[in-house]
Amino acid sequence: GWSLCPGIPIRARYEHQPFVSCLGGLYGCQWRRYQRAKAQPGECCCSRLECGSFALIIVTFFLTLVLLYFWSEAQNDYNDFDWFNFGNLGFWFPWSVVLLVAAAALFTYIALLLVLAVCLLSEGQRLYLHWSHKIGILVTLSFSISATAVLSDLWSKEWTTLLLSFQVTAPYLHVGGVSLMTLLSWPIALHFFRMNKRERQVVILSLYLAVLLTLYLVPLGMYSSCIKDEGTLGPAPILIGHRGAPMLAPENTQLSFERAVEAGGEGLETDVTISYDGIPFLMHDSTLRRTTNAHEMFPNRTDAPAAMFTWSELEILNAGSWFLQRDPFGTASSLGVQEKVQVQNQTIPTLKELLNLAAQHGRLVIFDLRRPPRGHPYRDTWISRTLEVIHNESSINSSQVLWLPADQRSLVQELDPDLQQTSGDHGTLAELQEEHIVRLNLHYSHMSQEQIRKYASVNISTNLYVISQPWLYSLAWCAGAHSVTTNALHILKKLQRPLFLMTPEDYSLMWSLTDNVSAFLIAAVFIFHWWRERGLPFWSGSRQVNENGPYSKFRTELSDVWSISSIGVRGEPHNSPAPPNLPTISEEPPV
């Protein structure tokens, strides 16, 4: 034994607790053997500083969870995000994936700290968070707040994507949330029955029940177009290749459109610019910098408008090598040797080539048409020049063309009434009908089953762009969209039915079963702890499971306890009896 004060013998009792030692080591970097703490469960087990650290962990956990969920559901627009950064930084890097990995790693780190803290509190241990973890929490908190603020400013539409995602994930988030609250019932009940102050009992139980009841009732306010009665699901939306099949070949190239046709795309989407000498060609950006080798062929004109180049200058540019170098969708490695050679040799195609390809395979065509800049010879005749290619230079039927440009729509309708007039703007039914609109081309964030049905009632179909994630396509399918523009033709074409589709009866069963099982388990946990804390036997003839009052712990096996006998400093014998109610001291004082 060791004497803290001369003449006062004290017996120190230590216990082997590998689990608690591991928890304390990971949380506070104190790897020496832990002994039982004197703090009662339900009482304050840490200083004010450590209480603040624990609260900060909880806040950081929820903020990183929001960031992780927000960005993981934004995968549909990762390509746009990366190209946006390319335009601002001047070099390509998959920033979207880096941000996702960083958010996932930081969330995992904070979640682990939170689990460790809860486990330590459940064991009645004193919390001590190491300074390195405190710095880690502050870094994670700063990153989460900054990233969420920047993304909200630059990509605010992604919050709409997040809200849409709840229509397919909410039933499963409900199950996950209820399951988590059910697991938390164990430490909550343990502390509730061991608290000395009734005020604390009321507070902790009220907060727990409020969150639990909210989760139980959340499904009452949930709406999803994928919860449908049997037989009410419409046909799958037809697929329109966004700039062809940009995951399989360089965007807006002849190979890309051929791959889109092979993948089963029923429509081809592109962007048209008119060259300086009047040749409509396919190019999305206003410059040639991103998707060609213009920086090599015309180093002094890299940032010049694409429309200010002649066709003889444009046709010598390479429009495929960038795809292999940057691999924007992470699919270039799956290409064979011959496919890579094809990609490497792609050039800029003309509108005429695309229209002939669509005519040959009976595909629809929809395109944005850029007006040439000031000083361009075709600035005022760009519409008529494009119509000339459709009517006189290609073999396509006008009914295969979804005419999207809003400029001079009345004139276009008068010149060619067979074109399918398509609008990219919302409008009243009367306005749309007056302009002879037969199709709307809307961003997927405007997805609304009610609106789609309203337009369909007057024979106006709805196309949603750009949808590449299966869950988003499933939602568009359930909402009744007639077509979608996509980067992932080869993936979405394989879906035989919407993901997450269920009947109202199946959902009600899922909801009620989850809530009832949870309520039963939570009640059982509270009854168990109430019974145990009263020291009642669990079955006839069994011994009590606790000793010396409700605040004692379970008996520890003798093999798990070792003691150091008291040795008096004034010559007391080694085997002197220990006084009652011996205090327990730590092997090493906390740092």
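Calculation notes
- Residues numbered from 1 in each chain as written.
- Predicted model: local features only at pLDDT ≥ 70, side-chain atom pairs only at ≥ 80, totals over all residues.
- Heavy atoms only, no water.
- Helix = DSSP H or I, 4+ residues; strand = E, 2+ residues; numbered from the N terminus.
- Buried < 20%, exposed > 50% of the residue type's maximum accessible area, 1.4 Å probe, protein only.
- Contact = heavy atoms within 4.5 Å.
- Areas by Shrake-Rupley, 256 points an atom, 1.4 Å probe, with all protein chains shown as cover.
- Salt bridge = Lys/Arg side-chain N within 4 Å of Asp/Glu carboxyl O.
- Phe/Tyr/Trp six-rings, centres within 6.5 Å; stacked < 30°, edge-to-face > 60°.
- Lys NZ or Arg CZ within 6 Å of the ring centre and 35° of its normal.
- Axes fitted to C-alpha atoms, helices over the stretch in contact; angles between N-to-C directions.
- Parallel < 35°, antiparallel > 145°, perpendicular 65-115°, else oblique.
- Left-handed = near helix turned anticlockwise from the far one by under 90°.
- Nonpolar A, V, L, I, M, F, W, Y, C, P; charged D, E, K, R; others polar.
- UniProt positions renumbered as here; feature names shortened; annotations may be inferred.
- Right-handed = clockwise from strand over helix to strand, strands pointing away.
- Pairing = 2+ DSSP bridges.

### Re the overall build of the protein chain
Step number 1: Helix and strand content of the protein chain: 20 helices and eleven strands.
Step number 2: Across the 591 residues that make up the protein chain, the buried fraction comes to 47%.
Step number 3: Long-range pairs, those at least 24 residues apart, make up 67% of the contacts in the protein chain between residues at least 6 apart in sequence.
Step number 4: For the protein chain, the exposed area adds up to about 29,300 Å²; of that, 60% sits on carbon and sulfur atoms.

### A word on the pattern of salt bridges
Step number 1: Taken as a whole, this structure holds twelve salt bridges when the rule is applied.
Step number 2: Between Glu251 and Arg243 there is a salt bridge, with the nearest N and O atoms lying 3.2 Å from each other. You'll find Glu251 and Arg243 in the same group, each marked buried.
Step number 3: Of the charged contacts, one joins Asp303 and Arg289 as a salt bridge, the two residues approaching to 3.5 Å between their closest N and O atoms. One end of the pair, Asp303, is in the loop between α9 (294–297) and α10 (311–314); the other, Arg289, is in the loop between β4 (280–282) and α9, with 14 residues separating them in the sequence.
Step number 4: Residue Asp303 is classed as exposed on the basis of its relative accessible area, which comes to 58%.

### Some remarks on the packing of aromatic side chains
Step number 1: Following the criterion strictly, the structure yields 26 aromatic pairs and no others.
Step number 2: With a centroid separation of 5.8 Å and 80° between ring planes, the pair formed by Phe367 and Trp403 is classed as edge-to-face. Placement of the pair is Phe367 in strand β5 (residues 364–369) and Trp403 in strand β6 (residues 401–403), with a sequence separation of 36 residues. Like Phe367, the residue Trp403 is buried in the burial classification.
Step number 3: Relative to Trp477, the ring of Tyr473 has its centre 6.0 Å away and its plane inclined at 55°; by these criteria the two rings are tilted. Linking Tyr473 with Trp477, this pair stays in helix α18 (residues 470–479), spanning four residues, or about one helical turn. One exposure class covers both Tyr473 and Trp477, and it is buried.
Step number 4: The rings of Phe70, Trp71, Tyr78, Phe81, Phe84, Trp155 and Trp159 are connected pair by pair, giving a single aromatic cluster.
Step number 5: Positioned above the aromatic ring of Trp83 is the side chain of Arg290, whose terminal nitrogen or guanidinium carbon lies 4.5 Å from the ring centre.
Step number 6: In this structure, Arg301 is placed above the aromatic ring of Phe298, and the distance from its NZ or CZ to the ring centre is 5.5 Å.

### Focus: the environment of Leu314
Step number 1: The residue Leu314 is located in helix α10 in this model.
Step number 2: Note: C-alpha distance between Leu314 and Phe281 (33 residues apart in sequence) is 9.1 Å.
Step number 3: Filtering out sequence-adjacent residues up to four positions away, Leu314 remains in contact with Ser275, Phe281, Leu288, Ala306, Phe309 and Ile348.

### Focus on the packing of helix α8 (residues 254–262) against helix α13 (residues 351–361)
Geometry of a packed helix pair, given as the angle between the helix axes and the separation of the axes.
Step number 1: The geometry of α8 relative to α13 is characterised by a closest axis approach of 11 Å and an angle of 15° between their N-to-C directions. When the axes of α8 and α13 are compared, the pair comes out roughly parallel. Crossing angle aside, the handedness with which α8 passes α13 is right-handed. Seen from α8, the contacting residues are Gln254, Phe257, Glu258 and Val261; seen from α13, they are Glu353, Leu354, Leu357 and His361.
Step number 2: Here the residues of the contact of α8 with α13 sort into four nonpolar, two polar and two charged.

### Quick word on the UniProt feature "transmembrane region" (unreviewed entry) in the protein chain
Step number 1: In this numbering, the UniProt entry assigns the feature "transmembrane region" (unreviewed entry) to residues 54–72, 92–121, 133–152, 172–190 and 202–223.
Step number 2: Taken end to end, residues 133–152 has its terminal C-alpha atoms 28 Å apart, with 100% of it in helix and 0% in strand.

### A look at the pairing of strand β8 (residues 439–443)
Step number 1: Of all five residues in β8, five are buried, a share of seventy percent or more.
Step number 2: Side chains of β8 alternate between two faces, with Arg439, Asn441 and His443 and Leu440 and Leu442 buried alike.
Step number 3: With helix α16 (residues 429–434) bridging strand β7 (residues 420–423) and its parallel neighbour β8, the resulting β-α-β unit is right-handed.
Step number 4: The sheet contact formed by β8 and strand β9 (residues 461–465) spans five bridges and is parallel. Directly across from Asn441, in β9, lies its bridge partner Asn463.
Step number 5: Traced from β8 through helix α17 (residues 449–456) to β9, the parallel crossover comes out right-handed.

### Topic: unusual backbone geometry
Step number 1: Each neighbour pair has its own omega, and for Tyr465 with Val466 the value is -25°, a cis peptide bond.
Step number 2: As for its position among the elements, Val466 is in the loop between β9 and α18.
Step number 3: Non-glycine residue Gln408 carries a positive phi angle of around 55°.
Step number 4: Residue placement: Gln408 occurs in the loop between β6 and α15 (409–415).
Step number 5: Overall, Gln408 belongs to the partly exposed group, its relative accessible area being 38%.

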